[in-house]
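# Close look at the chain arrangement
Chain residues, written in single-letter form:
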Amino acid sequence: MRTTTAILSKIFTQRFYIQNTGFFLVLFYLLFGVVNGANLLAYHKGLMLGFLGNYTFLFLVLLLWTSYALKCVGFMLKTFQLQGYDFLYPTMGSIDKPTRRVIWLRLHTAIYMPVLVYVAIALVIAIRQGYYVQAVIITVVNIANCIWPLTLYERKLEQPDVIFFTGHLQRWINRHFTKPPVLFFLYELFTNFPRRIVSTKLFSAGVLWLTFLIMTRGDYFDLRGLQLGVMISVLTHMQLMVHHRAFDDTYLNFMENLPVNLFSHYMRLVGVYVITFLPEMIIITVNAYTKTTPWGLITVFCTALSLMILFRTLLFFPKMNPEVHVRYTMLTSFIVLFMVLGHYEWPAVLLLQTASAIIFFTKYRSYEPYIEAGS
């Protein structure tokens, strides 16, 4: 059993801290690097007294700790999905349930340990300062954050197809709806890679928010400034485009042999990115509909969608790895930027759409899945 526990610790605990080294370095800097060493203890004591003495602040802190617990759970469950870790199912399944739950608890608390250490110090401060109710709340929440994930780990063994919290939703959707091809990739993102799509959308929304903030503080609105922000927002979707290619290569390669005309395939591609960029279009409309004309909004949307479609079709070229792809997208973005600054938005849209269509219709049938050199 000790050997099994040691192997599982390497698989889960060590991999978690190695993969999140950057996260912990940033966290360490924020907690210890921004404060003068002489004032470090006073700073953290004041921080703890701050959330102990204010229930709103305490709620936010508890929410952060629970978010970290979700991060831990997500990592544990995703590990089961990784290639080469299929042996975890029979290995864990062969252990009796009480012992297995103890192992789950050890593994989970090992990666949740940074929070537990901070919580232990906060509890000492709370008891010494007389914050007994807050100490009880903190204790209950963190015990819960160590206990409720065990149920998810057990469910993962019983239902390998269930991914995080979306299992029941996935099954309900699969029973009641037939997904059209345009939703295949988006369904894959939201069920299997929710953090990827959510993080992309948060960065994109942040870029748009900053764009509107700058224009509001400058007391001006320039459609070209908005288009610059939108172009940066489009560039934040680059990872999704590469993922889209990998998804098509893995799961939808058979569609090339179906009796479906190229125009339908092209419209499916366009539809994917219209739906993908829909949240940004809503944000832009809500913030800019009083400052520009409907035609101006249509211009912004068409420019953004044309860029996204071209960036995706560039991946149909052979040997187009992510590094080369970034070079071409940046070059294209600079060319379009200068055309936008010169008020040649619609000629830019026409060129982008024409280039996208030519690449797609000439490369789609002859495209072969991209394979990394040396793989």
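Okay, so let's go over this structure. Here the residue numbers are simple positions, counted from 1 along each chain's written sequence. Side-chain atom pairs in this predicted model are given and counted only at pLDDT of 80 or more, local residue features only at pLDDT of at least 70, and totals for whole chains, interfaces and linings cover all residues. Side-chain numbers come from the whole structure's heavy atoms, not from hydrogens or water.

### Focus: the packing of aromatic side chains
Working definition: a ring pair exists when centres of Phe, Tyr or Trp rings (six-membered ring for Trp) sit within 6.5 Å. Plane angles under 30 degrees give stacked, over 60 give edge-to-face, the rest tilted. One pass over the structure, following the stated rule, counts 18 aromatic pairs. Residues phenylalanine 16 and tyrosine 17 carry aromatic rings whose centres are separated by 5.4 Å and whose planes lie at 85° to one another, so their mutual orientation is edge-to-face. Burial status follows relative accessibility: with a 1.4 Å probe on protein chains alone, a residue under 20% of its type maximum counts as buried, one over 50% as exposed, and anything between as partly exposed. Assessed through its relative accessible area of 27%, tyrosine 17 is described here as partly exposed. Considering the side-chain rings of phenylalanine 316 and phenylalanine 360, the 5.6 Å spacing of their centres and the 85° angle between planes classify their relative orientation as edge-to-face. Here phenylalanine 316 is found in the loop between helix H15 (294-313) and helix H16 (322-341), whereas its partner phenylalanine 360 is found in helix H17 (residues 345-363), with 44 residues between them in sequence. You can call phenylalanine 316 buried: its relative accessible area is 6%. Strands here mean DSSP runs of E at least two residues long; helices mean DSSP runs of H or I at least four residues long; both are numbered from the N terminus.

### Description of the environment of glutamate 368
Here glutamate 368 shows up in the segment after H17. Classification of glutamate 368 by relative accessible area gives exposed; the value is 64%. Put simply, glutamate 368 and phenylalanine 316 are 52 residues apart on the chain and 8.2 Å apart in space, counted from C-alpha to C-alpha.

### Side note on the environment of threonine 290
Within the secondary structure, threonine 290 sits in the loop between helix H14 (278-288) and H15. As a C-alpha pair, threonine 290 and valine 272 span 18 residues in sequence and 29 Å in three-dimensional space.

### What about the side chain of glutamate 154?
Among the secondary structure elements, glutamate 154 is positioned in helix H7 (residues 132-158). The class of glutamate 154 is buried, set by a relative accessible area of 5%. By the criterion applied in these results, polar contacts are pairs of N or O atoms within 3.5 Å in which, for protein atoms, one can donate a hydrogen and the other can accept it, and in which residues neighboring in sequence qualify only through two side-chain atoms. In this structure the side chain of glutamate 154 is engaged in a polar contact, spanning 2.7 Å, whose partner is the side chain of arginine 100.

### Some points on the nonpolar core
Here is a general trend for soluble globular proteins: nonpolar side chains tend to be buried in one another's company. Core analysis: the biggest nonpolar cluster contains 53 residues, and Leu226, Val230, Val234, Phe277 and Ile284 have the highest contact counts within it. A total of 10 residues in this core trace back to one element, the largest contributor, which is H15. Residues within four places of phenylalanine 277 in sequence aside, it is in contact with Lys201, Val230, Ser233, Val234, His237, Ala304, Leu305 and Met308. Nonpolar cores are built from buried Ala, Val, Leu, Ile, Met, Phe, Trp, Tyr and Cys residues. Side-chain atoms within 4.5 Å join them into one set. Membership of the second largest hydrophobic core comes to 44 residues, among which are Phe12, Leu58, Val73 and Ala135. By the convention used here, residues are in contact when the closest approach between their heavy atoms is within 4.5 Å.

### Quick look at the packing of H15 against H16
Where H15 contacts H16, the axes come no closer than 11 Å and their chain directions differ by 155°. Comparing the axis directions of H15 and H16 gives the class roughly antiparallel. For the element pair H15 and H16, the recorded crossing hand is right-handed. The segment H15 lies against H16, with Thr303, Leu307, Leu310 and Phe311 engaging His325, Thr329, Thr332, Ser333 and Val336. Of the residues that constitute the contact of H15 with H16, the class distribution is four nonpolar, five polar and no charged. Fitting a line to C-alpha atoms yields each axis, with helices limited to the stretch in contact; the angle taken between N-to-C directions then spans 0 to 180 degrees. Every angle not falling under 35 degrees, over 145, or within 65 to 115 is termed oblique; those three ranges are roughly parallel, roughly antiparallel and roughly perpendicular. If you view the pair so one helix is near and one far, a crossing is left-handed when the near helix is turned anticlockwise from the far one by less than a right angle, and right-handed when it is turned clockwise. For this scheme, ten residues count as nonpolar: Ala, Val, Leu, Ile, Met, Phe, Trp, Tyr, Cys and Pro. Four count as charged, namely Asp, Glu, Lys and Arg, and the remainder, Gly too, count as polar.

### Examining the pattern of salt bridges
When a carboxyl oxygen of Asp or Glu is within 4 Å of a side-chain nitrogen of Lys or Arg, the pair counts as a salt bridge. Inspection of every chain in the model, using the stated rule, returns five salt bridges. A salt bridge links aspartate 248 to arginine 312, with the shortest nitrogen-to-oxygen separation between them at 3.3 Å. Highlighted residues: aspartate 248 in helix H12 (residues 238-251) and arginine 312 in helix H15, separated in sequence by 64 residues. Take aspartate 248 and arginine 312: they sit in the same class, and that class is buried. Between arginine 327 and glutamate 323 there is a salt bridge; the shortest N-O distance is 2.9 Å. Of this pair, arginine 327 and glutamate 323 are both found in helix H16, four residues apart, which corresponds to roughly one turn of the helix. For the residue pair arginine 327 and glutamate 323, the accessibility class agrees, reading exposed in each case.

### Notes on the packing of helix H4 (residues 55-81) against H7
Their axes nearest at 10 Å, the elements H4 and H7 cross at an angle of 20°. Taken together, H4 and H7 sit at an angle that is classed as roughly parallel. In the packing of H4 onto H7, the handedness of the crossing is right-handed. Per-class residue counts for the contact of H4 with H7 are 20 nonpolar, five polar and one charged.

### Here we look at the state of the cysteines
In this description, the term disulfide denotes a pair of cysteine sulfurs within 2.5 Å. Per the counting criterion, the structure on display carries zero disulfides. Counting only cysteine sulfurs, cysteine 72 is the nearest neighbor of cysteine 146, a cysteine outside any disulfide, at a range of 9.0 Å. Under the relative-accessibility criterion, cysteine 146 is labelled buried at 8%.

### Structural notes on H16
For H16, spanning 20 residues, the distance from its first C-alpha to its last is 28 Å, which sits close to the expected 28 Å at 1.5 Å a residue. Every buried residue of H16 is accounted for by His325, Thr329, Thr332, Ser333, Val336, Leu337, Met339 and Val340. Across the axial projection of H16, the buried residues extend over an arc of 155°, all falling on one side. Exposed and facing more than 90 degrees away from the buried side of H16 are Glu323, Arg327 and Phe338. At the C-terminal side of H16, histidine 343 shows a positive phi close to 65°. In this analysis, the expected span of each helix is defined as 1.5 Å times one less than the number of residues it contains. This arc is taken over the directions from the axis of the helix to the C-beta atoms.

### What to know about helix H10 (residues 194-217)
In this model H10 runs 34 Å from its N-terminal to its C-terminal C-alpha over 24 residues, within 8% of the 34 Å that 1.5 Å per residue would give. Turning to H10, its buried residues number three or more, namely Ile197, Thr200, Lys201, Ser204, Val207, Leu208, Thr211, Phe212 and Met215. The inward-facing, buried residues of H10 contact helix H9 (184-192), helix H11 (223-235), H12, helix H13 (262-276) and H14. Just downstream of H10 lies aspartate 219, where phi reads positive at about 55°.

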